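# Architecture and fold: a report
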Amino acid sequence: MGERNRTRRAVLRLGAVACGIGVTGDLGRQTTSNLDCLPGDGATNDEADAPVDVRGAIYFPSRAYNTFQMWHGYDSAVIERDLCYASRLNLNALRVWLSFEAWRREPTRFWLRLEHFLTTAANHGLRVLLGIFEGIGTNPTNHQLTNDDPLTARPVFSPSRGIMEHSNRWHLPRRFIRRFMERYRDDSRLLAIELINEPGWRPWKMRFSEAMFRTLSSHQGTVPLSVGSTNIPNNEEYREWGSEVFQCHKNFAHTKAQYRRMLRQITAAERRFGRPIWLSEWQRLSPPRRGQGTNPPNYSSLAPLIQRAGVGNFFWSLMVKPAYQVYRRKQGLISGIFHEDGAVWSLDDARAIKAMSGDPTFSAEERPEWPAWAEPVRESLND
């Protein structure tokens, strides 16, 4: 365990988190971290003694259904509020994706918004695993990008399948990568740069991703590079591309024994590869199934197992919201810790996640209820 933790913590030492930085964002005002966090919130123990070194959440604002909606409809006040909530769990990381489409529409505002986000995260002791492209979803038509109906809104490919499939259009995403790397390849606020989330399903997506990784690595600085991998074996190929930090996704499990086996596989693979592997998506025991009604958050069913294994991780998701993908919404899946007003769905879940820092204490209003704006999804389960 000691050698494995030293390997992981080497990534965290690539740069100190920049704290206390202000930035003038697109609203024309100075950003600070003086938010309504409760006294004593945030880290209360020595990071060196924390049972888990990378303690993160996947983050979208509650009412953003895809990456475009997060960045095109960026609300500085919402970001500052939500990242304050993350600090209350003693998290030290977030996993977030950019939006190629938002950048193309408003490039200047896009960079200002990203700078505000990274500064706000740093002010709360959060480093960011930042994804450039998204490989999950549907084609980013204008309707799909802007649809905010909780019943039908979807994640979107970023960039579009039309761009990924045709190499004569790759100059556009390459330009996006270059512009991003010019600004952020040495930025200590970043934990790692993830080229794309889950590229390993279709040949056209893999061809695009491999080519884009070559562009990414040709502009690499001090921030390590990664790929959002669904499983451990896929990382063998991504290592050949140049991936330095590995990932795997295991959102659900039928039994705790099954999950323990997977965690042992992670730690064994870390020793074999000599580099960290982050469990960059996880949610709960018992996979949701359609017809079972609501499948609420249940992080406390898996968090103690992850803590004992000492595996760096990102749970889905910080904010309470219906599932990212529509088919999971139809199974009644809702995830998240915090409602928009700071109440939590489950105190047990919040405490189990905070315990990964070595401090399991947490107080808040507990409200295991669907948000009013998401009620149409809950009601549809009974139709």
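Details of the structure are given in the entry above.
No experiment lies behind these values; they were computed from the predicted model shown. (Residues numbered from 1 in each chain as written. Predicted model: local features only at pLDDT ≥ 70, side-chain atom pairs only at ≥ 80, totals over all residues. Heavy atoms only, no water.)

### Some remarks on the sheet that holds strand S10 (residues 313-316)
If you trace the eight strands from one edge of the open sheet to the other, you get S5-S4-S3-S2-S1-S10-S8-S6, paired in parallel fashion. Edge positions in the sheet fall to strand S5 (225-228) and strand S6 (246-249), since each of these pairs with one other strand and no more. Strand-to-strand twist across the sheet, computed as the mean angle between neighbouring axes with direction ignored, equals 25°. For S6 and strand S8 (residues 277-282), the ladder comprises four bridges, and the chain directions are parallel. Bridge pairing links His249 to Glu281 in S8. Helix H9 (residues 203-218) contacts strand S3 (127-134), strand S4 (190-197) and S5 of the sheet and is inclined by roughly 150° relative to S4. (Pairing = 2+ DSSP bridges. Helix = DSSP H or I, 4+ residues; strand = E, 2+ residues; numbered from the N terminus. Axes fitted to C-alpha atoms, helices over the stretch in contact; angles between N-to-C directions. Contact = heavy atoms within 4.5 Å.)

### Remarks on the packing of H9 against helix H10 (residues 234-241)
Between H9 and H10, the shortest axis-to-axis distance is 9 Å and the interhelical angle comes to 40°. Residues Met206, Ser209, Glu210 and Phe213 of H9 form the contact with H10, whose participating residues are Glu237, Tyr238 and Trp241. In terms of residue class, the contact of H9 with H10 is built from four nonpolar, one polar and two charged. (Nonpolar A, V, L, I, M, F, W, Y, C, P; charged D, E, K, R; others polar.)

### Details of the pattern of salt bridges
Enumeration according to the criterion identifies 15 salt bridges in this entry. Its salt-bridge partner being Arg63, residue Glu340 comes within 2.9 Å of it at the nearest N-O pair. A residue pair is termed long-range when its members are at least 10 positions apart, and Glu340 in the loop between strand S12 (334-335) and helix H14 (347-354) and Arg63 in the loop between strand S1 (55-58) and helix H2 (67-72) qualify at 277 residues. Take Arg63: its relative accessible area is 48%, and that puts it in the partly exposed class. Residues participating in the shared-partner salt-bridge network are Arg95, Glu194 and Glu281. (Salt bridge = Lys/Arg side-chain N within 4 Å of Asp/Glu carboxyl O. Buried < 20%, exposed > 50% of the residue type's maximum accessible area, 1.4 Å probe, protein only.)

### Considering the packing of aromatic side chains
We describe a pair of aromatic rings using the distance from one ring centre to the other and the angle between the two ring planes. Tallied over the full model, the rule gives 30 aromatic pairs. Plain terms: the ring middles of Trp71 and Phe110 are 5.8 Å apart, the flat faces sit at 55° to each other, and that makes the pair tilted. With Trp71 in helix H2 and Phe110 in helix H5 (residues 107-123), this pair connects stretches of sequence that are 39 residues apart. The burial state of Trp71 is the same as that of Phe110; both residues are buried. (Phe/Tyr/Trp six-rings, centres within 6.5 Å; stacked < 30°, edge-to-face > 60°.)

### Brief notes about the side chain of Asn197
Structurally, the position occupied by Asn197 is in strand S4. Asn197 sits in the buried class, given a relative accessible area of 2%. A distance of 2.9 Å separates the side chain of Asn197 from the side chain of Glu134, its partner in a polar contact. Leaving out residues up to four positions away in the same chain, Asn197 has contacts with Arg95, Trp97, Phe133, Glu134, Gly135, Ile136, Gly228, His249 and Glu281. (Polar contact = N/O pair within 3.5 Å; in protein donor to acceptor, adjacent residues only side chain to side chain.)

### Overview of a positive patch on the surface
Taken together, Lys256, Arg260, Arg261, Arg264 and Arg308 make up a surface patch of like positive charges. Here the positive patch takes four residues from helix H11 (residues 256-273), the largest share from any one element. Locating Arg261 in the fold gives a position in helix H11. The partly exposed category is assigned to Arg261, whose relative accessible area is 43%. (Patch = residues over 30% accessible without salt bridge, like charges linked within 9 Å, V, L, I, M, F, W, Y side chains within 5 Å. Areas by Shrake-Rupley, 256 points an atom, 1.4 Å probe, with all protein chains shown as cover. Lys, Arg positive; Asp, Glu negative; His and termini not counted. Charge placed at Lys NZ, Arg CZ, Asp CG, Glu CD.)

### Brief notes about the pairing of S3
Within S3, eight of the eight residues are buried, which leaves the element mostly enclosed by the surrounding structure. Relative to S3, strand S2 (residues 93-97) runs parallel, the two being bridged by five bridges. When the sheet's bridge partners are listed, Leu94 is paired in S3 with Val128. Judged from the six bridges that link them, S3 and S4 form a sheet pairing that is parallel. Looking at the pairing, Gly131 lines up with Glu194 of S4.

### What to know about the nonpolar core
By size, the foremost hydrophobic cluster in this structure holds 105 residues, and its most contacted members are Phe117, Phe180 and Trp282. For this core, the leading source of residues is H9, giving seven residues. Grouped together as the second largest cluster of nonpolar side chains are nine residues, Tyr65, Ile334, Trp345 and Ala374 included. (Core = buried A, V, L, I, M, F, W, Y, C linked by side-chain atoms within 4.5 Å.)

### Regarding unusual backbone geometry
Across the junction of Ser158 and Pro159, the peptide omega takes the value 5°, indicating a cis bond. By secondary structure assignment, the location of Pro159 is in the loop between helix H6 (142-146) and helix H7 (161-165). With omega at 0°, the peptide bond leading from Trp316 into Ser317 counts as cis. Tracing the chain through its elements places Ser317 in the loop between S10 and strand S11 (321-322). Positive phi values are uncommon outside glycine, yet Glu198 reaches one of about 50°. Within the fold, Glu198 resides in the loop between S4 and H9. The exposure class assigned to Glu198 is buried, which follows from its relative accessible area of 12%. Here Ser286, not a glycine, exhibits a phi torsion of approximately 75°, which is positive.

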